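# Summary of the model geometry
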Amino acid sequence: MEEKKKPMFNIIKKEPKVHGTFGTGVLSLANVSPVIIDVEAGEAFIDMGAMHARSSVEKGIKFTPNRDEVPNGKPYWLVWVTVDQAEEGAYYAGVTACEMTVDREARRGYKSLPEHVNRMDKSLKRHIIVDHMDERSKEVLASFLQQYNRDMWDRSSEELKRQLQNHG
């Protein structure tokens, strides 16, 4: 049996710049990865399917922008993590979280598609937007990022550490 590969963060190449006129100024999705946090289970995992709203959590679910239509939804966070390269090495440059709830039994879910798109954009632009998350989920995310790559965490901004570790 082949060993199942651990999902990896997309890490940008040494030369991410686009040359010439066509495509100049366009943000590349090559360095962003979606991390899903299962709030109740206290678990985080990378799911590249979320790039196209096809994560394991989202599959088979009809989403609505009205939270009231999913009263029994299980809470999740979709966190866009952008990795960048500094002289010292790679680091978590942009980290933004979006809320999502899923009622698997009813095959219904709540999410704000504009928020998900805007937060992905903010992550690509190196913003940190995680202070609105519940404390336990912040701890889960901080732990996940540290365990995934301690050096990348250590090189990341103090703002990220402050927002995820209230005492930091």
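Reference entry: report on the structure contained in this document. Here, residues in each chain are numbered from 1, in the same order as that chain's written sequence. Only residues with pLDDT of 70 or above have their local features reported here, since the model is predicted, and side-chain atom pairs are shown and tallied only from 80 upward, although totals for entire chains, interfaces and linings are computed over all residues. Only hydrogens and water are set aside; all other atoms, that is, all heavy atoms of the structure, feed into the side-chain values.

Okay, helix α1 (residues 113-124) next. Each helix is a run of DSSP H or I of at least 4 residues and each strand a run of E of at least 2, with the numbering of both proceeding from the N terminus. To estimate the expected span of a helix, subtract one from its residue number and multiply by 1.5 Å. Relative to the 16 Å expected for twelve residues at 1.5 Å per residue, α1 spans 17 Å between its end C-alpha atoms, a close match to the ideal helical length. When accessible area is computed with a 1.4 Å probe and restricted to protein chains, residues below 20% of their type maximum are described as buried, those above 50% as exposed, and intermediate ones as partly exposed. Residues of α1 that are buried include every one of H116, R119, M120, S123 and L124, and no others. Buried positions in α1, seen along its axis, are confined to an arc of 140 degrees and lie on one side of it. Exposed residues pointing more than 90 degrees away from the buried face of α1 are listed as P114 and V117. In what follows, residue pairs with any heavy atoms lying within 4.5 Å of each other are defined as contacts. Structurally, α1 contributes buried residues whose contacts are with β1 (32-38), β4 (74-86), β5 (89-103) and β7 (128-129). Positioned one or two residues after α1, R126 has a phi angle of 70 degrees, which is positive. Directions pointing from the helix axis toward each C-beta atom define the arc.

This part takes up the pattern of salt bridges. Whenever Lys or Arg places a side-chain nitrogen within 4 Å of a carboxyl oxygen from Asp or Glu, that contact is recorded as a salt bridge. Under the defined criterion, the tally for this structure stands at eleven salt bridges. For K74, the salt bridge is made with D38, and the minimal N-O distance between the two is 3.0 Å. With K74 in strand β4 and D38 in strand β1, the pair connects residues that are 36 residues apart, well separated along the chain. When its relative accessible area of 9% is taken as the criterion, D38 is described as buried.

Turning to the environment of W80, a few remarks are in order. Within the secondary structure, W80 is located in strand β4. Along the backbone, W80 and C98 are 18 residues apart, and their C-alpha atoms lie at a distance of 8.3 Å. Polar contacts here mean pairs of N or O atoms no more than 3.5 Å apart (in protein, one a potential hydrogen donor and the other a potential acceptor; neighbouring residues in sequence count only if both atoms are side-chain atoms). Separated by 3.2 Å, the side chain of W80 and the backbone oxygen of H116 make a polar contact.

It is worth spelling out the pairing of strand β2 (residues 43-46) at this point. Regular strands have side chains that alternate between both faces of the sheet. Only one face of β2 is covered, namely the face carrying A44 and I46; the face carrying E43 and F45 is uncovered. Two strands are counted as paired when DSSP detects at least two bridges linking them. The pairing of β1 with β2 spans four bridges and is classified as antiparallel. Looking across to β2, one finds that I37 is bridged to A44. If you look at the hairpin formed by β1 and β2, you'll find four residues sitting between the two strands, and G42 has a positive phi there, around 65 degrees.

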